[in-house]
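Analysis of the macromolecular model
Chain by chain, the residues run as shown.
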Amino acid sequence: MRVELNGRTIETGANTLAELLQEQQIDPRTVATALNGEFVPRSCYASQQLEAGNQLEILSPMQGG
């Protein structure tokens, strides 16, 4: 299925957000995510189902000042 990840369309076989993160080799402990503009708590990654056309933002915290 196709989803939008950080502004680019990708093809994925993942059914859940946790599977997508693993597929994209992203450590779920180091990111914050939003699905269709709504924050997704880390505790929900494994149960958060994905659908074609979903828009995902995956952000890493930045340090500095």
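Presented here is an overview of the structure given in this document. Remember, it's a predicted structure, so these values are computed and weren't measured experimentally. (Residues numbered from 1 in each chain as written. Predicted model: local features only at pLDDT ≥ 70, side-chain atom pairs only at ≥ 80, totals over all residues. Heavy atoms only, no water.)

Observations regarding the side chain of Thr-33
- Along the polypeptide, Thr-33 turns up in strand S3 (residues 32-35).
- Within the local environment of Thr-33, its side chain forms a polar contact with the side chain of Tyr-45, the two groups lying 3.4 Å apart.
- Those residues in contact with Thr-33 that sit more than four places away from it in its chain are Leu-17, Glu-38, Phe-39, Val-40, Tyr-45, Glu-57 and Ile-58. (Helix = DSSP H or I, 4+ residues; strand = E, 2+ residues; numbered from the N terminus. Polar contact = N/O pair within 3.5 Å; in protein donor to acceptor, adjacent residues only side chain to side chain. Contact = heavy atoms within 4.5 Å.)

Re the pairing of S3
- The sheet contact formed by S3 and strand S5 (residues 55-59) spans four bridges and is antiparallel. Looking at the pairing, Thr-33 lines up with Ile-58 of S5.
- By the bridge criterion, three bridges tie S3 to strand S4 (residues 38-40) in an arrangement that is antiparallel. Within S4, the residue paired with Ala-34 across the bridge is Phe-39. (Pairing = 2+ DSSP bridges.)

Looking at the side chain of Thr-12
- Checked against the element boundaries, Thr-12 lands in the loop between strand S2 (8-11) and helix H1 (17-23).
- In this structure Thr-12 comes out as buried when scored by relative accessible area, which is 5%.
- Polar contacts involving the side chain of Thr-12 include one to the side chain of Glu-23, which spans 2.6 Å.
- Here Thr-12 is in contact with Met-1, Val-3, Leu-20 and Glu-23, once residues within four sequence places are set aside. (Buried < 20%, exposed > 50% of the residue type's maximum accessible area, 1.4 Å probe, protein only.)

Let's talk about the nonpolar core
- Leu-17, Leu-20, Tyr-45, Leu-50 and Leu-56 are the most contacted members of the largest nonpolar core, which totals 14 residues.
- Of all the elements in the fold, those that place two or more residues in this core are strand S1 (2-5), H1 and S5.
- The element that contributes the greatest number of residues to this core is H1, accounting for three residues.
- Apart from the residues within four sequence positions on either side, Leu-56 is in contact with Val-3, Glu-4, Leu-5, Asn-6, Leu-17, Leu-20, Ala-34, Leu-35 and Leu-50. (Core = buried A, V, L, I, M, F, W, Y, C linked by side-chain atoms within 4.5 Å.)

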